[in-house]
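What the coordinates show
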Amino acid sequence: MLKLNKFICWPLGLWPLDGDGIFSWFRLVFAGITQLWMMSVQLAAVFLNCGDSSEKVDYIMMTVCAVMALTKMIALRVHMAKIREVLLGSLDDWTTLDESNNEQDRSLMWSYGKTGRKVILYQMINCYASNTLIFAGSLPFLMPPMDQSSATLGASNETIVGMVRQLPLRTGCMFGNTRNDLYASLYVLETLTIQITAHGNIGSDCFIFSLMMHLCGQLELLKNRLSTIGNGTSAESKEKEEREETGREIRERVERHSQLLELASGLNATLSGVLIVQLLLNAGLNLMLCIRIILALKSGVALAAVRPLLAFGVLMLQLFLLCYASERLCQQHEALADSIYRSKWYELPIEQRRNLNFMAARSSKPIYLLAGHFYAMNLENFKNILKASFSYFSILRIMFDAEEF
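Computed from a predicted structure; not experimentally measured.

**Topic: the nonpolar core**
In this structure, Leu14, Ile208, Leu226, Leu267, Leu329 and Met377 are the most contacted members of the largest nonpolar core, which totals 89 residues. Leave out the neighbours within four places in its chain, and Leu226 touches Arg253, Leu336, Ser339, Ile340, Ser343, Leu356 and Met359.

**Focus: unusual backbone geometry**
Phi is positive for Asn49, close to 65 degrees, though the residue is something other than glycine. With respect to the element layout, Asn49 can be found in the loop between helix 2 (22-47) and helix 3 (53-78). Positive phi, normally seen in glycine, also occurs at His373, with a value near 65 degrees.

**Examining the packing of helix 1 (residues 2-9) against helix 7 (residues 180-226)**
Where helix 1 meets helix 7, the axes come as close as 9 Å, and the angle between the chain directions of the two elements is 150 degrees. In terms of orientation, helix 1 lies roughly antiparallel with respect to helix 7. As for how helix 1 packs across helix 7, the hand of that crossing is left-handed. Contacts between helix 1 and helix 7 involve Asn5, Phe7, Ile8 and Cys9 from the first element and His199, Gly203, Ser204, Cys206, Phe207 and Ser210 from the second. Tallied by class, the residues present in the contact of helix 1 with helix 7 amount to five nonpolar, five polar and no charged.

**Here's the deal with the UniProt feature "transmembrane region" (unreviewed entry) in the chain**
Mapped onto the present numbering, the UniProt feature "transmembrane region" (unreviewed entry) falls at residues 25-47, 59-80, 119-142 and 301-324. Across residues 25-47, helical content stands at 100% and strand content at 0%; the span's end C-alpha atoms are separated by 33 Å. Taken end to end, residues 301-324 has its terminal C-alpha atoms 35 Å apart, with 79% of it in helix and 0% in strand.

**With respect to the pattern of salt bridges**
Applying the stated criterion across every chain yields a total of eleven salt bridges. Between Asp18 and Arg27 there is a salt bridge, and its shortest N-O distance comes to 3.0 Å. Using a relative accessible area of 32% as the deciding quantity, one classes Asp18 as partly exposed. One salt bridge connects Asp105 with Arg225, and the closest N-O pair in it is separated by 3.0 Å. Of this pair, Asp105 sits in helix 5 (residues 103-137) while Arg225 sits in helix 7; the two residues are 120 residues apart in sequence, bridging distant segments of the chain. By relative accessible area, Arg225 is classed as partly exposed at 33%. One network of salt bridges, with partners in common, ties together Arg248, Glu249, Glu252 and Arg253.

**Some words on the packing of aromatic side chains**
In this structure the tally under the stated criterion is twelve aromatic pairs. Between the aromatic rings of Phe23 and Phe26, the centroid separation amounts to 6.4 Å while the plane-to-plane angle is 15 degrees, which identifies the pairing as stacked. Within this pair, Phe23 and its partner Phe26 are both found in helix 2, separated by three residues, close to a single helical turn. You can call Phe23 partly exposed: its relative accessible area is 49%.

**Focus: the state of the cysteines**
Throughout the structure, instances matching the rule amount to one disulfide. The side chain of Cys50 participates in a disulfide bridge whose partner is Cys173; the two sulfur atoms lie 2.0 Å from each other. With the S-S dihedral at roughly 95 degrees, the linkage between Cys50 and Cys173 falls on the right-handed side. Of this pair, Cys50 sits in the loop between helix 2 and helix 3 while Cys173 is found in helix 6 (residues 172-175), placing the two residues 123 residues apart along the sequence. Given the relative accessible area of 1%, Cys50 is considered buried.

**Description of a nonpolar patch on the surface**
Among the surface-exposed residues, Trp10, Phe23, Phe26, Phe30, Val188 and Leu192 lie close enough to one another that they form a single nonpolar patch of about 580 Å² accessible area. Where the nonpolar patch is concerned, the elements lending two or more residues are helix 2 and helix 7. Of all the elements, helix 2 adds the most residues to the nonpolar patch, at three residues.

Conventions we followed
- Residues numbered from 1 in each chain as written.
- Predicted model: local features only at pLDDT ≥ 70, side-chain atom pairs only at ≥ 80, totals over all residues.
- Heavy atoms only, no water.
- Core = buried A, V, L, I, M, F, W, Y, C linked by side-chain atoms within 4.5 Å.
- Buried < 20%, exposed > 50% of the residue type's maximum accessible area, 1.4 Å probe, protein only.
- Contact = heavy atoms within 4.5 Å.
- Helix = DSSP H or I, 4+ residues; strand = E, 2+ residues; numbered from the N terminus.
- Axes fitted to C-alpha atoms, helices over the stretch in contact; angles between N-to-C directions.
- Parallel < 35°, antiparallel > 145°, perpendicular 65-115°, else oblique.
- Left-handed = near helix turned anticlockwise from the far one by under 90°.
- Nonpolar A, V, L, I, M, F, W, Y, C, P; charged D, E, K, R; others polar.
- UniProt positions renumbered as here; feature names shortened; annotations may be inferred.
- Salt bridge = Lys/Arg side-chain N within 4 Å of Asp/Glu carboxyl O.
- Phe/Tyr/Trp six-rings, centres within 6.5 Å; stacked < 30°, edge-to-face > 60°.
- Disulfide = S-S within 2.5 Å.
- Patch = residues over 30% accessible without salt bridge, like charges linked within 9 Å, V, L, I, M, F, W, Y side chains within 5 Å.
- Areas by Shrake-Rupley, 256 points an atom, 1.4 Å probe, with all protein chains shown as cover.

The structure is reproduced here in structure tokens:
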């Protein structure tokens, strides 16, 4: 799991265990420059009237993806100390599990670790497969150059002289006629840019998802240990050592609960601003994707609607993963109160019952991820977002149908 997370974060200079080395900052600055480059060339392509309406929608979509990737990279860099604390805490937890030789606890944590691992592998393999198709599809010897009629510049639609070679970011109308060495350099730069966008946008979500799955596992371990508190102890017990051992165990559970709440709060502080930006940009992207799908269906070419449908699926999957992890984290936290209730708290001394009572009261407060510190990222709100997206599609379809009459 650690290697997969490092594979995602290291190229961006965001691996928390690297520290603040010069090389780490160099990678981060280079990644940021590539995203700014991507935004500028995509907006320039729209301004210069490159391609048809569907291609212009693609340019805007790629610009939004670069904005989201850059926003997430900045947020992770700013809150690097909090992310490092969560990651180091997870390493300590795994070390403790290895030393304890508790197979039940280890299998529980492995189940959450496997969930995070599967999500990372699925998302990144799909990203690399899609990007490979983009890179290969733009190679001059695999794809014929753009036709003269499709490469236009400016409001006067002045046609570029000669055949135009394409580039991965579809900027062939601007750079396709450059000399060979410059074209090759731009091809490599745009290839790296798309890969960095994938790591910064989708990869960072996978990294956060795996960290949240670890916190869910630790909360479930805490829940299991709370349910055994008080076994063998009674309020009338006269054995001082037995009462002290139970009191020490309760203090350890309370301290562990506070640590996990601090780690969850750190993740929330890191993602709060990013999530509100992502929700707003996704709303705009959904509108453009709906327009793209409707135009494709009305043109009679159903296959043209496949790409925007896949893009819509990717956006919804990113939101679903974060909402699912947030929902699962909150469920495990609220289950602590039930676990305390199932323990033999009634046989404990009054001062120990008071500690458990405070802990149960704290666990009743939801710890959802909050977008902008006010919008809860849970499955209920994900359902609302999905319903709103389909409502956009229905309204736009009615508007387009009304224009035909």
